[in-house]
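Below are the chains, spelled out letter by letter.
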Amino acid sequence: MVSTQSTGLSLAEPLERIRSGTPIITIGSLLKSIGNVILMMLIPSILKVLANPRSIVHAISGGIFAIVLSFIGFIVILVGLYTGLVPGVRRLSKIDDRFSTASTLIRIGYVWGMILLVIGIAIAVVGLISYLPVVISRGRQFAVEPLAVLATGAIMTIFSLILMLLGYIGIIILAFKFNDVEHDGLYLAAGILFILGIFVPFATFVAWILMYIALGKSIERHKAPSQ
């Protein structure tokens, strides 16, 4: 077994890389959570619009705002993933293979799922924007092509959510594995909040804040022996 004295500095480098991406992901999670909450509040109104397109202004304007906000949140999260979390966890898994499962799930599931989700949302927005004017002016029987575009975006979004679930499980495993290795309860609390985040959007936002604080403590701890 390699001592902490000899490995502390090497572990600090990937931990710093992971931590550098967490503030960006935290901001993206906040934007995404706000967008999701607004969208969930507007679901009944949006369903009414699909049945009666003339009752449109409040539901669609709010719905488009929520989707765009979530879309921006996803882009911000992708930036944090690519610039910090994914390369950091990948480097960490090469130093300590106990993180290999989390690294694989995050890299394959979370990243590709996010990319597919962004594309799916974009296609769905285009389909929705194209669908409504045609339905209002000419009737639903003339809106087959826009509806097909909307359905394509929806299918891609559903598939991306399956991939993202795998990546999200990787994030949860990462938090609990950090707790096992670093013995810091903040990681445990973050892991629990990540699980709650599946049902409560803002729990994920708080979890990333805890991860940022805990990673800072871990970095100081691993740098201390070499100093």
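Going by the structure above, here's the rest.
(A) Representation of unusual backbone geometry within the structure. A positive phi is found at H183, a non-glycine position, where the angle reads about 55°. Mapped onto the elements of the fold, H183 is located in the loop between α4 (144–182) and α5 (185–196).

(B) Structural detail: α4. Between its first and last C-alpha atoms α4 spans 56 Å; for 39 residues at 1.5 Å apiece the expected length is 57 Å, and the two agree. H183, located one to two residues past α4, shows a positive phi value of around 55°.

(C) Layout of the pattern of salt bridges. Summed over the entire model, instances satisfying the criterion amount to 5 salt bridges. For R98, the salt bridge is made with D96, and the minimal N-O distance between the two is 2.6 Å.

(D) Here's a closer look at the packing of α4 against helix α6 (residues 201–223). One way to put it is that α4 packs onto α6 with a least axis distance of 12 Å and a crossing angle of 35°. For the pair α4 and α6, the crossing hand works out as left-handed. Side by side, α4 and α6 meet where Y168, I171, L174, A175, F178 and E182 of the first sit next to T204, W208, M211, L215, S218, R221 and H222 of the second. Partitioned by chemical class, the residues of the contact of α4 with α6 number 8 nonpolar, 3 polar and 2 charged.

(E) Here's a closer look at the side chain of S218. Examined against the element boundaries, S218 turns out to sit in helix α6. Here S218 falls in the buried class, since its relative accessible area comes to 0%. Apart from the residues within four sequence positions on either side, S218 is in contact with L15, E182 and Y187.

(F) Local environment of empty space enclosed by the protein. The full count for this structure, using the stated rule, is 1 cavity of 30 Å³ or more. Around the largest cavity, the lining residues are L11, L15, L92, D96, F99, F178, V181, E182 and H222. At the level of elements, α1 (4–51) and α4 are the ones that each hand at least two residues to the lining of the largest cavity. Among the elements that line the lining of the largest cavity, the one with the most residues is α4, at 3 residues. Grouping the constituent residues of the lining of the largest cavity by class yields 6 nonpolar, 1 polar and 2 charged.

What counts and what doesn't
Residues numbered from 1 in each chain as written. Predicted model: local features only at pLDDT ≥ 70, side-chain atom pairs only at ≥ 80, totals over all residues. Heavy atoms only, no water. Helix = DSSP H or I, 4+ residues; strand = E, 2+ residues; numbered from the N terminus. Expected span 1.5 Å × (residues − 1). Salt bridge = Lys/Arg side-chain N within 4 Å of Asp/Glu carboxyl O. Axes fitted to C-alpha atoms, helices over the stretch in contact; angles between N-to-C directions. Left-handed = near helix turned anticlockwise from the far one by under 90°. Contact = heavy atoms within 4.5 Å. Nonpolar A, V, L, I, M, F, W, Y, C, P; charged D, E, K, R; others polar. Buried < 20%, exposed > 50% of the residue type's maximum accessible area, 1.4 Å probe, protein only. 1 Å grid on protein atoms, 1.4 Å probe; cavity = no way out; pocket = protein on both sides within 12 Å on 5 of 7 lines; lining within 4 Å. Points joined across faces, edges and corners; volume = space filled by probe spheres on them.

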